[in-house]
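Topology and contacts: notes
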Amino acid sequence: AGFAFAAILMLGVWVVAVRVSNAGLVDVAWSASFTGLVAIYVAGGSAGWPPNGVIVAITAIWSLRLTAHLWRRVVGEHPREDTRYAELRRSWAAQGLDVNRRFFWFFQVQAAAAILFSTPMLVAAGAASAVVFHVLTISRTRLKNVYDATRPMTRKPTIHRINNRLGVLVLR
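Residues numbered from 1 in each chain as written. Predicted model: local features only at pLDDT ≥ 70, side-chain atom pairs only at ≥ 80, totals over all residues. Heavy atoms only, no water.

**So, the nonpolar core**
By size, the foremost hydrophobic cluster in this structure holds 29 residues, and its most contacted members are Met10, Trp30, Phe103, Phe107 and Met121. Contacts of Phe107, omitting those with residues within four sequence positions, involve Met10, Val13, Trp14, Ala17, Ala23 and Val26. (Core = buried A, V, L, I, M, F, W, Y, C linked by side-chain atoms within 4.5 Å. Buried < 20%, exposed > 50% of the residue type's maximum accessible area, 1.4 Å probe, protein only. Contact = heavy atoms within 4.5 Å.)

**Here we look at unusual backbone geometry**
Residue Pro79 is bonded to the preceding His78 through a cis peptide linkage, with omega at 15°. Considering the arrangement of structural elements, one finds Pro79 in the loop between α3 (49–77) and α4 (83–94). Unlike most non-glycine residues, Ser21 shows phi in positive territory, near 50°. Position of Ser21 relative to the elements: it lies in the loop between α1 (2–20) and α2 (25–43). (Helix = DSSP H or I, 4+ residues; strand = E, 2+ residues; numbered from the N terminus.)

**Some details on the side chain of Ser33**
Summarising the element assignment, Ser33 is placed in helix α2. Contact partners of Ser33, with chain neighbours within four places excluded, come to Phe5, Leu9 and Ala114.

**A closer look at the side chain of Asn22**
Locating Asn22 in the fold gives a position in the loop between α1 and α2. Reaching out from Asn22, the side chain makes a polar contact with the backbone nitrogen of Gly24 at a distance of 3.0 Å. (Polar contact = N/O pair within 3.5 Å; in protein donor to acceptor, adjacent residues only side chain to side chain.)

Shown next, in the form of structure tokens:
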């Protein structure tokens, strides 16, 4: 749900950025995405209200403060585009590339970056436990096979499960 939210948000912002020729809006959307992501994580989490309330409050304060700052900067400089994005635009155009298509993928990479950087909030909200456990359970067989192939045949690994909620595995 988090990635879908971030990807759709960046799609919408990309449409606006194309219309106003200002890719600097991606910075505003990226910072704002954390408030939406943490709300999604908390809604699906199991940590309970007091800890999740703290997670939402801290993230929202940081995210919305940064969003307001970036919004003022982007709007204040408009129609001039941030030099980073103006340089990308010039470089891609000089290479004969489809600038709007490149920015579309750039915005989607920003969505993925928001997901990556919001992972600690996902874990803290308790929403990640089922996903992490599932991925590690699927990967355990492959991990064990790699471990077996790299160890002498005289000793088989023992897989111990610690922190059952997150499904973290340790090989001994």
